[in-house]
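# Examining the three-dimensional arrangement
Take a look at the letters that make up each chain.
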Amino acid sequence: MTNYGLVIDQERCIGCHACAVTCKQENNVGLGQYWNRVLTEGGDKMDTPAGTYPENGEDGTLEMSYQPTACQHCENAPCVKVCPVNATYTREDGIVEIDYDKCIGCRYCMAACPYNARVFNWDEPQTVPEDGTGDVPARPQGVVEKCTFCSHRVEEGLDPACVVNCPADARIFGDLDNEESTVSKYIKKYQTTRLLEDRGTDPKTYYIRGEMSPGRPQTSDKMESELDDVSVWSEPKDNGPVEESGGSGGGGSHSSLSNDALPHVPAFEGGDD
Amino acid sequence: MSDDRRGSKGGDGDGVFRRDVLKASGAAAVALGLGGGGYASSLAETATEPASRQNPGIESYVGQDEVIRTACAPNCRGKCPLEAHVRDGRVRKIEPQIPADERYKRACTLGLSHTQRIYNATRLKYPMKRVGWEPGSPNPEGRGEDAEFERVTWDEALDYIAGEMERVRDDYGPESVYFETGSGNNGVSGTIQSRLSSLFGGTQKSWSIDINVGLGFRRLAGAGFFNVPTNEVVDWRNANTVIVWGSDIFASNLQQDASKLLDAVENGAKLVCVDPVFTNTAAKADLWLPIKPGKDTLLTLSMIKTVLDDGTYDTEFLRKRTLGPALVRDDTGELLDASDVFDDVTEDLPVAVDESTGEPVALEPETYGEYALFGEYTVAGVACHTALSLLEEHVADYDADAVAAEVGINADNIRTAVRWLATRGPGGIASGYGVDRYKYGHTFGQAYAILLGLTGDFGRHGSIQGSHPLGGSYDNGGYDAPEDGPGTTSLAQTDILTAMESGDPYQLKVMYSQESNFIANQMPDRQRWLEASKSLDLIAVADMHHTPSVQHADIILPASHWFEREDVVDTWGGHPHIMYRQPAHDPLWESKSDHWMLVRLAERLGFGDYFNRDKSATLRELLAHDDEVDYETLKEQGTVKVSTPVVKFTGPFNTPSGRLELYDEDAPTEGGITLELPKHIESRTADDWDTAEDYPLMFIQKHSKWRIHSQYEYQNWLREINNEPQLDINPKDAAARGIEDGDYVRVHNDRGEMVVKAKVNDGMQPGLVNTDQGWWGSDYVRGHHNDLTHTDVCEVTGNFAFYDTRVEVEPAPSDVDTSKYTSNQPTGSGATSAGAGGD
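Keep in mind it's a predicted model, so treat the numbers as computed, not measured.

Right, let's talk about the overall build of chain A for a bit. What chain A contains, in helices and strands, is six helices and ten strands. Buried residues in chain A amount to 58% of all 273 residues. Accessible area for chain A stands at about 10900 Å²; split by element, carbon and sulfur atoms hold 46% of it.

As structure tokens, then:
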């Protein structure tokens, strides 16, 4: 069985909002509405840290990171349970989706969702340009909408738009039921958390924190399952020393510097010149 | 229409635009009745499945789009190859295009949003003439925010321009016509304009922006201008230490570089960030050095001392590739010349002492010897010290402990950063443009070139000297400067200003500006530029959008969007490709490509024989001289990878000695101070600057992820997130002035003011405030960030010092009208309708 999930490497996420904007474009989301938001973890406002500035050579306490947040496509989705008309449902492939024809706009699902992932079309959605963008029609006034994992793309073998268009390679989409998928491997290899796990929603969006992963560079817009070769990069055609040796991991910690000790020096990759 | 510009966004502006885009384009937009039929039919197909497994599906257009290859190139150096997905005659979305080297498949938030840029409310629709402007009677006082425009035909517009160019040529000489090309495109329009300027004998600018650090570096290493050439970014993963200095790569240079820098970190590199602001990049660094503004050279000198004290310098590199062992005469401060030492040497070569023999030897480039790196020697009767000894003496007082308080950084952290660089193998300093924007930033370029010379971080995999991989360029066979024209006169931007202002060095009378928003928005001390430009009899501006500079024009020329024109795009400063732009559809309204305009202007000026109305033919001609790229292949593939060295600074340095000139005997002076070795010189960042009491805060204008210079200001998707200009201010500075987060504040100095919303931000250094650059005048509640900046430049580079600016901040006056941002506009107040479209 296919069970789609998303891994977001917060060590790689640079808070650029490309995922948020490309989501709006691909899914024809109206002005003022977001299916996918990039939250700043730190200060109260976007792009501000928590802590105090290190004056006079002090070490300071500033910290900031980003948490892209959309529908978590929960295994045990509270929105599905509360919908009085079964407009919200879980697909066979694990994607939580809304039948907009059935939705009566009661917004129980919005109250039930602990991730604030859903938006309601109070008005007829407006877009710029007016006749819309992307590859799906706009939803009507009076319905709730949210991230679909770009199911219209997934059905065609394409990764979600936010995944394809992440300039930091921080988003990896794939089949959680397939042990060989990158999402499964990364969840096993790296320290991951899920949002509000204590709510018992069993979300299928995993966040890497701690050690940075190589991400999954997108050299195609196809889903991993459609590709023969899912190595990070194909071999450079010429003039590059870069060869894949699996990487040695290591760096990328946010922890402040605690000593002067010289850390492990990673092996050099590539030619000797 | 000026009311429209100032008015709040809301439905009216958009509504006008939307109706207009449909009406005027005459395209298939009417066919987009996106009703619910799709839902119903897909429901019917799945109605028999169990309720919990029902999959009514989302109606999808996937696979119905025609995919057009094009490219972004707004001077961010990302130069991302893009795909435009076209359906029913309209671009529906943008995705990255996979170029010949797939590692450069990238697009950022801005590039991905072009759908809104093409169909933007600020797009110019028709040629226009300012009401009140007539040939020979320019009425310059009528320019500006209140100017009104009337529609003219293309023939009329071009006739006006050609007529004025000919008139002022007769009266003032051809150089009085200024052909301005900004940085807003990177297709061939700049080349075409240069060709016309050269044939006409006009003036073009040379840059006075972002050349400070690069030119300082260049004195020693023979390369550098806009920043410094560095290894191609795909090689950065071989770096073990990356010091990002004065650059927020993850916000302002993320397009191609962010992923590569992350890959380096993932591969084990230590990331150090030197920045007074806790930026996106600082947040990801292993070590952040929160430097005080303007202290970069001082910090570098202390790092140099640490390396010398530790003895961790790269002896082999210093001996083989630098002037470190070169002897410097005690009497003159010049390099000892080999021709004064050896009878058989006539070349101008430096001299070193061979430690194994104690004998002097001539220093050839790229030649290793057991040269003494330190010491004093008397050779041919001349007392000398080695360059490295002079350097050692020069930095003697700059121990990390001694400078820590002044630079604001813990001495142990200074040492740790440079020890990583010196001892962890390949790495380097990825300088950005932050330091350039301080008056004497060039001394930092000089200083860190020396530091990288000590650590040997040149010419190997993993070396980083800056943020400018060379990118891809092509040989156009001198198309931009034909031999039989009088040629273009080049003036630095600082001279463009005085030429307009006082006729020094000569009077400018006509400006033809394309892809540039300089004159009314992007230049320091903006009011001075606006005042100076009153001496111009004609300002013609070609642009896609109704920018502040368009509002300041006499003749407005509507330019087509990049995706509406065929073009060839180089990747200067970025990745190694030449890219092709296939038009997604015809230009909207009456907009035309710059090529179209310039060719017809050239015809009117009598240079028609030098141009071809068929742009494809022009592109073919431009590429005909290049060995690697030809038009047909490029058109077919979308991109062609061109050969540029992955590793830079291999072989002899492009210097007189062929070596990295750690000691610069031909050094320039700055305020009487000679710069054989780098010196810490400050301007307004000095605590005792004479206006420090009145204006105690330093003011920078960071380059954000929401703009490339002033482009993308009008994008709704961006303005929804980043709504209005703000002032980043530390809570201590805010509290001391009675300012709370979200208050409107007045930022002012002796040149001007701006009123913006305060954003209390713990990531700002106390004493330093920031407003992201790129906002337009109409975005401010009052004033403009460039009403605060100045045109005081250093002697050596003449580079504008935008960040070397002092201000004071106070609560905004109670009568200030903030309604454009405080009234209820749930969809964001950005991207007001421009209203110059003739409707």
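In terms of burial, helix H1 (residues 18–27) of chain A is a largely internal element, ten of the ten residues being buried. Those residues of H1(A) not exposed but buried are A:Ala18, A:Cys19, A:Ala20, A:Val21, A:Thr22, A:Cys23, A:Lys24, A:Gln25, A:Glu26 and A:Asn27.

The subject of this paragraph is the pattern of salt bridges. Applying the stated criterion across every chain yields a total of 76 salt bridges over all chains. Across the salt bridge formed by B:Lys270 and B:Asp286, the nearest N and O atoms sit 3.9 Å from each other. Here B:Lys270, found in strand S9 (residues 270–274), pairs with B:Asp286, found in the loop between helix H10 (280–284) and strand S10 (287–289); they are 16 residues apart in sequence, far enough to count as distant. Accessibility expressed as a relative area gives 7% for B:Asp286, which makes it buried. Residue B:Arg737 is joined to B:Glu808 by a salt bridge in which the shortest nitrogen-to-oxygen separation is 2.7 Å. Of the two residues, B:Arg737 sits in the loop between helix H25 (731–736) and strand S28 (744–748) while B:Glu808 sits in strand S32 (residues 806–811), which places them 71 residues apart along the sequence. The two residues B:Arg737 and B:Glu808 agree in class, both being buried. Residues joined by salt bridges that share partners form a network here, namely A:Glu26, A:Asp135, A:Arg153, B:Asp65, B:Arg87, B:Lys93 and B:Glu95.

Here we take up the packing of aromatic side chains. Using the criterion set out here, one finds 29 aromatic pairs over all chains in the structure. Between B:Trp207 and B:Phe518, the ring centres sit 5.6 Å apart and the planes meet at 75 degrees, which makes this aromatic pair edge-to-face. On the criterion of sequence distance, the pair formed by B:Trp207 in the loop between strand S7 (203–206) and helix H7 (212–221) and B:Phe518 in helix H18 (residues 518–522) is long-range, its members being 311 residues apart. Of the residues examined, B:Trp207 reaches a relative accessible area of 24% and is grouped as partly exposed. Look at B:Phe518 and you get buried, because its relative accessible area is 12%. Arranged with centres 5.0 Å apart and planes meeting at 70 degrees, the rings of B:Phe278 and B:Trp288 form a pair that is edge-to-face. With B:Phe278 in the loop between S9 and H10 and B:Trp288 in strand S10, this residue pair connects regions lying ten residues apart in the sequence. The pair B:Phe278 / B:Trp288 is uniform in exposure class, with both members buried. In this structure, A:Arg107 is placed above the aromatic ring of A:Phe120, and the distance from its NZ or CZ to the ring centre is 4.8 Å. Over the ring of B:Tyr126 we find B:Arg151, and its NZ or CZ is 3.5 Å from the ring centre.

The rules behind the values
Residues numbered from 1 in each chain as written. Chains lettered and ligands numbered in written order. Predicted model: local features only at pLDDT ≥ 70, side-chain atom pairs only at ≥ 80, totals over all residues. Heavy atoms only, no water. Helix = DSSP H or I, 4+ residues; strand = E, 2+ residues; numbered from the N terminus. Buried < 20%, exposed > 50% of the residue type's maximum accessible area, 1.4 Å probe, protein only. Areas by Shrake-Rupley, 256 points an atom, 1.4 Å probe, with all protein chains shown as cover. Salt bridge = Lys/Arg side-chain N within 4 Å of Asp/Glu carboxyl O. Phe/Tyr/Trp six-rings, centres within 6.5 Å; stacked < 30°, edge-to-face > 60°. Lys NZ or Arg CZ within 6 Å of the ring centre and 35° of its normal.

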